[in-house]
Amino acid sequence: MTERGIEPSGSHGSALSNDNDHLHNDNPRAPNRSSRSNSSSSWKRYLACIAITSLCLIQFGISTMYLTTTENANYSRIMDLPSVQSEVQQTDGNTNNDRSSIDYFINITTPQPLPTLVHFDPIFLGGYRNQHMRFVAFVNFAVENSIPQLLLPSLRWGVGQGEHKGRDVPFDYLFDVAYWNERAERAGLPRLVRYDSSVLEGRRRRSGTTDMMDNNNKSTTIACFNTSSNLYSGLDEGLLRNPNTNIRRVNIWDEIGRLDGYAHCRRLPPSSVGQQEQEDVGDEFTHLIAHGGSKGVGRLWADYNAMQRRRGKAKQNTTIDNRTITIHPEHLPVERTINTILRPSEAIRNAIQSAIQSSTTAQKDQQQQLRSPSKVLALHPRIEHDMLHHRCGRFMEQNLTKIFDHLRGECSHNVELLFLAVNIELVMAEPGSSLGSDLRELALENAIVLNRTRTYGMFGNESSVGIPMFESGSRTAENILFPEEQPTDYSKAGTTPRLVSSKSLGITDLVASIVDFFTIIEADRFVGVKGSSFSTDLFSVRYYMGKRGNYILGPEGVEELVGPPPSHSCN
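Residues numbered from 1 in each chain as written. Predicted model: local features only at pLDDT ≥ 70, side-chain atom pairs only at ≥ 80, totals over all residues. Heavy atoms only, no water.

Trainee: It is not clear to me how the overall build of the protein chain should be interpreted in this structure. Could you clarify?
Mentor: Tallying secondary structure elements over the protein chain gives 20 helices and 21 strands in all. Residues classed as buried in the protein chain amount to 58% of the 571 residues present. Pairs at least 24 residues apart make up 73% of the contacts formed inside the protein chain by residues separated by at least 6 positions. When the accessible area of the protein chain is evaluated, it comes to approximately 23300 Å², of which 47% is carbon and sulfur surface. (Helix = DSSP H or I, 4+ residues; strand = E, 2+ residues; numbered from the N terminus. Buried < 20%, exposed > 50% of the residue type's maximum accessible area, 1.4 Å probe, protein only. Contact = heavy atoms within 4.5 Å. Areas by Shrake-Rupley, 256 points an atom, 1.4 Å probe, with all protein chains shown as cover.)

And the structure:
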C-alpha cells in the first residue's frame, strides 16, 4: 500500500493521516464454493443497504449543469450534487424521482437480455488510479465490441498490498451508479446492471430455426455468475481469494469453462465468434461475456497503454508569455467521457465537501483577512520511501525542501491553503534497510520538513507562519459509513443492515485515495509529478473539466501544463 498508482508494482498509496488505521490481517471474504444463489431477491437487500447509506448522510444542496457530448464541452463539476429530477423523467419516465430509493436503483440497473460484459478477475489490480485505468480499458472493450451492459457486481475494487491485502469493495460503495446510468446511453457508454439470472442466463429451446431463451426450468440452468462470491462461476475461489495468492501469476482466463457444464461460460464477444459457434456449445446459454486480465500486469493494463498510443504521438509547440509550451494530443473519446460521468458515491462526496468546508472555515476564523472562498494549492509530491528508489523516481524531485523552493512564485501566489496529497504515515515511518544510506538520509530530512510544514505551514518557521496545510485522506475516509458486507444467506428479509466505517471494512487506504483525488480536482491549482498515474490522471480530469492552473514538478523545477498531459510512462 505504499504506492499511489505506479506500475508495475501495482500498489496503491493514499492515507494522509498519521493515525494507525490498520486492523487485523484476516481475509474478510472467506471462500465459498457451494452457494450459487440465482435469486434476484438478494439485490433488494443489497440495494436496501445502498439506500440506507444515502439516507444517513448529510445532503449538500449544490446544483450542477451537465454537458458531455463534445470534446470542448464545459464539463460539470464532478463533486456537485445535481438536481436530476428533470433528467430522470426524460430518461425513463419513472415517476419516483427519489434517487436514494430502492425502487429507483432497481429500475435503473435492471438488465436487458443483451450481451453483458463481466470482469472475471476478483478485483481490478493496482493502486486506485491503476485500477481506474484498467476500468477504462474494460469499458472501452465493451464499446468497441458493441456490448451494451456491464455486470455491476463483478466490478470490485481492491486493496492489493499491506495488512489489508485481499479486502475488496463493491463499485456501488465508491461511485455513483445512478449518475452513470442516467447519462450512459447519451454518452455512448454501456449501462451498469445488476445480476438477474432470469434475464441473463437460461437454456435454449428450439422454435423452428430460431434459438430462444427458455427460463421455465431454472433449476437445471448452470449459471455463469456466482452471486455468493461475485466471481465468475467455475473458478477456484479458494485460490483467487487467498491473500497469499499473487493474482498476477495466475492466468484466470485459462480456468474458465474447464469444469463440466461450464463450457458455455467461455464466451467471446459477438464480433469475435459467429452465432453457429455459440450454438455448438450446447443447450446452456448465457448473455454474460467474460473479460479481464492475465499474467503479469494483465490484459487490461496492456489495453489501456494501447489506448494511449492511439492518442497519437504528434505534439505541437506554442508560445505563451514568451515561453515555449508543448501541447500533447487529446485522449480518446471513451476515456474523456468516462471522466465526466464517473463520480464518487454520495457518501464520499459529502465527506470531501465537509472536509474542505471545515478546513477553509477554520482557516478564516484564524485569518479574517482571507477572501472567500480560500484559494487552495494541491501538491502531490510522491516522496514516500518506495518511490525514492523506484524507476519512475528519476522524473521527480524527491527532496521536499527543494520542492517547496520550486513552488515559490507563480504557483503559490495568493494561495491561502495547501493540500498535501501524500501518505504521511509512510513518509514519517523509519526508513527501511532497502534504502541506501543517501536515500535514508533524504527520507529522514523529508520527514522533518513535512512535520515542520504541518506545524508552521509551507514557507513558515518558528517566527513566521506560512501557508497553512490541511489534511484529508485517511482522516476523512476512515469515518465514512458503508453498509456491512452482505451475508451469503439472503433469506432473512426485512432486517436492517448495519452501517460500518471504511476503517472497519479495511478499505480506508483505497477510499482515502479517492478522497485525495477528488479533493485535488476541487483545488484552484495543482502541482503533480511525471511518472505517477495518480498525477497524470489528475492532470487529465482537471483539463477536461476546464480547470487550469496545472503544473508538472521535476528536478529542474515547475512547468505549467497547457492542454492534456502526456501519456503515463516511466520510459
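Still more ground to cover, so stick around.
Trainee: How should I be thinking about the sheet that holds strand E15 (residues 417-420) in this particular structure?
Mentor: Pairing between the strands of a sheet comes from backbone hydrogen bonds, and it takes one of two forms, parallel or antiparallel. Overall, mixed pairing links the six strands, which are arranged E16-E15-E14-E19-E20-E21 in an open sheet. Lying at the two open borders of the sheet, with one neighbouring strand each, are strand E16 (469-470) and strand E21 (557-560). Pairing of E15 with E16, which is carried by two bridges, proceeds in the parallel orientation. Opposite Phe-419, over in E16, you have Phe-470 as the bridge partner. Sheet strands touched by helix H19 (residues 508-522): strand E14 (376-379), E15, E16 and strand E19 (525-529). Its angle to E15, the strand with the most contacts, is close to 150 degrees. Against the sheet, helix H20 (residues 533-544) makes contact with E19 and strand E20 (550-554), and its axis sits at roughly 145 degrees relative to E19, the strand it touches most. (Pairing = 2+ DSSP bridges. Axes fitted to C-alpha atoms, helices over the stretch in contact; angles between N-to-C directions.)

Trainee: What is the right way to read the pattern of salt bridges from this model?
Mentor: Side-chain pairing between opposite charges can occur once the charged atoms of the two side chains come close. Under the criterion given, the structure shown has 10 salt bridges. For the salt bridge of Arg-183 with Glu-182, the shortest nitrogen-to-oxygen distance reads 2.9 Å. When sorted by exposure, Arg-183 lands in the same class as Glu-182, which is buried. A salt bridge links Arg-475 to Glu-471, with the shortest nitrogen-to-oxygen separation between them at 3.7 Å. (Salt bridge = Lys/Arg side-chain N within 4 Å of Asp/Glu carboxyl O.)

Trainee: Explanation requested: the nonpolar core in the structure shown.
Mentor: Most often, soluble globular proteins keep nonpolar side chains buried together rather than apart. Ranked by size, the top nonpolar core spans 73 residues in total, and within it Phe-135, Trp-157, Phe-171 and Trp-180 carry the most contacts. Leu-377, Leu-379, Ile-403 and Phe-404 belong to the second-largest nonpolar core, a separate cluster that totals 28 residues. (Core = buried A, V, L, I, M, F, W, Y, C linked by side-chain atoms within 4.5 Å.)

Trainee: Just to check I follow, could you spell out the sheet that holds strand E2 (residues 149-151) for this structure?
Mentor: Reading across the sheet, the four strands line up as E5-E2-E1-E11 and stay open at both edges, with parallel pairing between neighbours. Edge positions in the sheet fall to strand E5 (191-193) and strand E11 (288-291), since each has one partner strand and no second. In this sheet, neighbouring strand axes are inclined to one another by 35 degrees on average, regardless of whether the strands run parallel or antiparallel. With four bridges connecting them, strand E1 (residues 116-119) and E11 associate as parallel partners.

Trainee: I keep staring at the pairing of E20 and nothing clicks. Help me out?
Mentor: Each regular strand displays side chains that alternate between the two surfaces of the sheet. Across the five residues of E20, four count as buried, placing the element largely inside the fold. One ladder, built from four bridges, connects E19 with E20; its direction is parallel. The residue of E20 that forms the bridge with Gly-528 is Ile-552. Across four bridges, the pairing between E20 and E21 is antiparallel. Looking across to E21, one finds that Leu-553 is bridged to Val-558. Hairpin connection, E20 to E21: the antiparallel pair is bridged by two residues.

Trainee: I keep staring at the pairing of E14 and nothing clicks. Help me out?
Mentor: Residue alternation in E14 divides its side chains into two sets, Val-376 and Ala-378 and Leu-377 and Leu-379, and both sets are buried. Where E14 meets E15, four bridges bridge the pair, whose relative direction is parallel. Note on E15: the bridge partner recorded for Ala-378 is Phe-419.

Trainee: Would you explain the state of the cysteines in this entry?
Mentor: A disulfide bridge is the covalent bond that connects two cysteines by way of their sulfur atoms. The final tally for this structure, using the stated rule, is one disulfide. What pairs with Cys-224 in a disulfide is Cys-265, and their sulfur atoms sit 2.0 Å apart. Because the sign of the S-S torsion sets the handedness, a value of about -90 degrees for the bond joining Cys-224 and Cys-265 places this disulfide among the left-handed ones. You can see Cys-224 sitting in the loop between strand E7 (210-214) and strand E8 (225-226) and its partner Cys-265 sitting in the loop between helix H8 (237-240) and helix H9 (275-279), a full 41 residues away along the chain. (Disulfide = S-S within 2.5 Å.)

Trainee: What is the right way to look at helix H16 (residues 437-456) in this model?
Mentor: Since there are 3.6 residues in each turn of an α-helix, residues three or four apart along the chain are aligned in direction. With 20 residues, H16 ought to run about 28 Å at 1.5 Å a step, and its terminal C-alpha atoms sit 29 Å apart, in line with that. In this structure, the buried residues of H16 make contact with helix H13 (385-388), helix H14 (400-406), E15, helix H15 (424-428) and E16. (Expected span 1.5 Å × (residues − 1).)

Trainee: When you look at the packing of helix H4 (residues 128-144) against helix H10 (residues 299-309) in this model, what are you seeing that I'm missing?
Mentor: Packed helix pairs are characterised by how far apart their axes lie and by the angle those axes make with each other. Look at H4 against H10: their axes get within 8 Å of each other, and the N-to-C directions meet at 80 degrees. Viewed along their axes, H4 and H10 adopt a mutual orientation that is roughly perpendicular. Residues Asn-130, Met-133, Arg-134, Val-136, Ala-137, Phe-138 and Asn-140 of H4 form the contact with H10, whose participating residues are Leu-300, Trp-301, Asp-303, Tyr-304 and Met-307. (Parallel < 35°, antiparallel > 145°, perpendicular 65-115°, else oblique.)

Trainee: What is the right way to read the environment of Ile-338 from this model?
Mentor: Summarising the element assignment, Ile-338 is placed in helix H11 (residues 333-341). A relative accessible area of 0% places Ile-338 in the buried class. C-alpha separation for the pair Ile-338 and Ala-187, spaced 151 residues apart in sequence, amounts to 8.7 Å. If sequence neighbours within four positions are ignored, Ile-338 has contacts with His-132, Phe-135, Val-136, Val-139, Trp-180 and Leu-189.

Trainee: What is the right way to look at the environment of Asn-244 in this model?
Mentor: Note that Asn-244 resides in the loop between H8 and H9. Given the relative accessible area of 71%, Asn-244 is considered exposed. Each C-alpha atom, one on Asn-244 and one on Lys-165, is 8.6 Å from the other, the two residues being 79 residues apart in sequence.

Trainee: It is not clear to me how the packing of aromatic side chains should be interpreted in this structure. Could you clarify?
Mentor: Two aromatic rings, taken as a pair, are described by how far apart their centres are and by the angle between their planes. The final tally for this structure, using the stated rule, is 18 aromatic pairs. Relative to Phe-135, the ring of Phe-124 has its centre 6.1 Å away and its plane inclined at 85 degrees; by these criteria the two rings are edge-to-face. Taken together, the residues span a long stretch of sequence, with Phe-124 in the loop between E1 and H4 and Phe-135 in helix H4 at a distance of 11 residues. Like Phe-124, the residue Phe-135 is buried in the burial classification. On the numbers, 5.3 Å between centres and 70 degrees between planes, the contact of Phe-517 with Phe-518 is edge-to-face. On the accessibility criterion, Phe-517 (1% relative accessible area) is buried. Judged by relative accessible area, which is 3%, Phe-518 ranks as buried. Each member of the aromatic cluster is reached from another via a ring pair, and the members are Phe-124, Tyr-128, Phe-135, Phe-138, Trp-157, Phe-171, Phe-175, Trp-180, Phe-517, Phe-518 and Phe-534. (Phe/Tyr/Trp six-rings, centres within 6.5 Å; stacked < 30°, edge-to-face > 60°.)

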